[in-house]
Each structure stands twice: as C-alpha cells, then as structure tokens.
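Architecture and fold: a report
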Amino acid sequence: MMFEGIFCPSITITDDEGNIDFDSWGKHLDHLADAGLDGVLIFGSIGEFYSVSLEDKKAVCDFVAKRVGGRMKVFIGVGDTNYANVLELTRYAEKAGVDAVLAVSPYYFGPSAPTAEKYFGGIAEATKLPVILYNFPARTGTDLTPELVASLASKYPNICGIKDTVDTISHTRKVIHAARAVNPEFSVFSGFDEYYLVNRVSGGNGVVCGLTNVEPELFAKMHAAYQAGDFATAVSCAERISKLMAVYDVCDLFVSAIKAAVKVNGLPISTKVFEPAIQATEADEAAIAELLA
C-alpha cells in the first residue's frame, strides 16, 4: 500500500492572539513522531484549515517538512474556498518536500460529479505528489461516492487514497471495493477514531483521527498489535479509544476539546481556536482531565 497505519490530523497551535506558535507545535510534532505514528496531516478539519492564511500555511509546510519529514509521513491539507489558493498550496507543498496533499471537497456549493472530477483532477495535474481525497459529507454537503472515487482513481494515477469521514463502515467498505478494482494499492482511511478495527477488517488501511493528538502511543500500540496478529491487545486499545470518544463532546467545538486534552496531558499550549467559536473553559478542561484519567 502507498500509505498505511495511524495518521494524526494535528491541531494548529497558536498563541492567544492567533499567531502560529512554532515552538509548541514543534514539540507536539516531535511527540507524535516519537510515539510511533505513521504520519501527520497538517490543516485537516481539526487543524482549522478554513481559518489559516495561505501565507501561514506555506510557512508551516516548510517548518513541518523540516521538523518531522523522514521520521513520519507528512500530508498537507490544501482545502480552501478559493480554487487558485488550493492549486497554489498544492504546488508549494510539493516544493516543501512533503509526502502527499489531502484535498477536501469544495464546500458551500457542493460539487456535482462532473465538477468534482474537474476539481480533484486539477489538483492531481498540478502536482507529482500523491493526492488523498477527503470525504466529509457532514461538513461539505456532498458525498464522494464509491463510483466517483473509482473514476478519479482510474483517470489520475496519483489520486491514490481517501480519508472517508463517514459515520458508517458500509460506505467505506464500498469505496475500498470500488477503488481497489482500479488500483489495488489505493489507500483507504477512516476519519473516526473508533473505526480502526472495522476499517482494517473491511480491507482498509487505518485511520486519520483526532485523539491521536492526545494519546498517540495508544494508537501506535493498537496498530502494531493488529499488524502482529495480537488481537487481544488491539481490542483492549480499541476499548480505551471507545471510552475516550466522550472527549469530543465536552466542548462546543470538537477542535477545542482536542486542544484542551493536549494541554491537560502536559503540553502548555493556548487552547485558543479561531473565531467564530466558543473557547474551551476551565470547567471543560477539568471534565476532560477526568475522562483521560
């Protein structure tokens, strides 16, 4: 497979004014790499891609490629409402030396199938890098169907994976079946933490999920156990992950909950998320600390 295992959609760490905090973010990225994760996604949904300037995104591309490139895979999320920015960041990411770009569907006006082919095809043609599709219909308003994914994979050889953030395994299973008929090496990740085991049983390649920011060692242990056929350990890790899913519901926005959990676990970061958003409170942090304990 092109990509497999556990990938962390990293939080974007800023100071209280919203400026990128490279020092704290570097420490966080080191932790993810040292914990044994297979890769990191910068500027996914938990990375607040929708609120970060193109200029900051470029600076972060260079920073992350230098900091952890070679220790784990680096994916850059190129989503934007402006297609020119999408293509510009795609080209920049390739120059920065990352491993792949991840492209979410255009949102607000969700694309028809022909528009989606044109949109993702344009991204694939703008780079030699692998392109990972990002399907999140709850946020974008449209679904990347198994047929559409297979069609894109057949037309563009560098479209070679998907993050399927859909809260049903049947959709992901059908994507695996359709895409693999075209490209047997096509990587399929689930976007929800608790779907690792059922993703693998369905023939998928792992997860790209938020709690990896909080307990990366737990996810690395589960993946290693599954690969080794030690299913008792894998299930035991999955049971803890299932309990930890409650963390997401503590705050108004799931991004806040993950930032607060990283802080509770010992990295002294600002839990500020970009406005408009309800920020995490001390009471939220206390509730999260209890769940982690």
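Below or above, wherever it landed, is the structure these notes cover.

Calculation criteria
Residues numbered from 1 in each chain as written. Predicted model: local features only at pLDDT ≥ 70, side-chain atom pairs only at ≥ 80, totals over all residues. Heavy atoms only, no water. Helix = DSSP H or I, 4+ residues; strand = E, 2+ residues; numbered from the N terminus. Contact = heavy atoms within 4.5 Å. Areas by Shrake-Rupley, 256 points an atom, 1.4 Å probe, with all protein chains shown as cover. Lys, Arg positive; Asp, Glu negative; His and termini not counted. Charge placed at Lys NZ, Arg CZ, Asp CG, Glu CD. Axes fitted to C-alpha atoms, helices over the stretch in contact; angles between N-to-C directions. Parallel < 35°, antiparallel > 145°, perpendicular 65-115°, else oblique. Left-handed = near helix turned anticlockwise from the far one by under 90°. Nonpolar A, V, L, I, M, F, W, Y, C, P; charged D, E, K, R; others polar. Salt bridge = Lys/Arg side-chain N within 4 Å of Asp/Glu carboxyl O. Buried < 20%, exposed > 50% of the residue type's maximum accessible area, 1.4 Å probe, protein only. Phe/Tyr/Trp six-rings, centres within 6.5 Å; stacked < 30°, edge-to-face > 60°. Lys NZ or Arg CZ within 6 Å of the ring centre and 35° of its normal.

1. As for the overall build of the protein
Secondary structure summary: the protein contains 12 helices and eight strands in total. The long-range fraction of contacts in the protein, counting pairs at least 24 apart against all pairs at least 6 apart in sequence, stands at 73%. For the protein, the accessible area works out to roughly 11900 Å², and carbon and sulfur atoms hold 53% of it. Of the charged side chains in the protein, 24 are positive and 37 negative; the average position of the first set lies 6 Å away from that of the second.

2. Notes on the environment of Val 235
The topology assignment puts Val 235 in helix α10 (residues 231-244). Measuring from C-alpha to C-alpha, the distance between Val 235 and Met 222 comes to 7.7 Å, with 13 residues separating the pair along the chain.

3. With respect to the packing of helix α2 (residues 54-68) against helix α3 (residues 83-96)
Look at α2 against α3: their axes get within 9 Å of each other, and the N-to-C directions meet at 20°. With respect to α3, the element α2 is oriented roughly parallel. Seen along the crossing, α2 lies across α3 with a hand that is right-handed. Here α2 contributes Leu 54, Lys 57, Lys 58, Cys 61, Asp 62 and Ala 65 to the contact with α3, which in turn contributes Asn 85, Glu 88, Leu 89, Tyr 92, Ala 93 and Ala 96. Among the residues making up the contact of α2 with α3, the classes are represented as seven nonpolar, one polar and four charged.

4. Digging into the pattern of salt bridges
The tally for this structure, following the rule as stated, stands at 10 salt bridges. Ionic pairing is found between Arg 71 and Asp 34, a salt bridge with its closest N-O pair at 3.3 Å. You can see Arg 71 sitting in the loop between α2 and β3 (73-77) and its partner Asp 34 sitting in helix α1 (residues 22-34), a full 37 residues away along the chain. You can call Asp 34 exposed: its relative accessible area is 61%. Members of the salt-bridge network, linked through shared partners, are Asp 30, Asp 34, Arg 67 and Arg 71.

5. Focus on unusual backbone geometry
A cis geometry characterises the amide bond from Glu 275 onward to Pro 276, with omega recorded as 0°. Assignment of secondary structure puts Pro 276 in the loop between α11 (254-264) and α12 (282-292). Unlike most non-glycine residues, Phe 43 shows phi in positive territory, near 65°. In this structure, Tyr 108 takes a positive phi of about 80° despite not being glycine. Along the chain, Tyr 108 turns up in the loop between β4 (100-104) and α4 (113-125).

6. A look at the packing of aromatic side chains
Evaluation of the coordinates by the stated rule reveals 15 aromatic pairs. Relative to Phe 63, the ring of Phe 22 lies with its centre 4.9 Å away and its plane at 75°, an arrangement referred to as edge-to-face. With Phe 22 in helix α1 and Phe 63 in helix α2, the pair connects residues that are 41 residues apart, well separated along the chain. In this structure Phe 22 comes out as partly exposed when scored by relative accessible area, which is 32%. Here Tyr 196 and Tyr 226 contribute two aromatic rings whose centre-to-centre distance is 5.8 Å and whose plane-to-plane angle is 90°, an arrangement assigned as edge-to-face. Linking Tyr 196 in helix α8 (residues 196-201) with Tyr 226 in helix α9 (residues 216-228), this pair joins segments that are 30 residues apart in sequence. Members of the aromatic cluster, joined through ring pairs, are Phe 3, Phe 7, Phe 75 and Phe 189. The positively charged end of Lys 57 is found above the aromatic ring belonging to Phe 43, 5.7 Å away from the centroid.

7. Topic: α11
Of all 11 residues in α11, nine are buried; the element is thus mostly enclosed. When α11 is considered as a whole, its buried residues turn out to be Phe 254, Val 255, Ser 256, Ala 257, Ile 258, Lys 259, Ala 260, Ala 261 and Val 262. Residues of α11 that are buried sit in contact with α1, α5 (137-140) and α12. Positioned one or two residues after α11, Gly 266 has a phi angle of 120°, which is positive.

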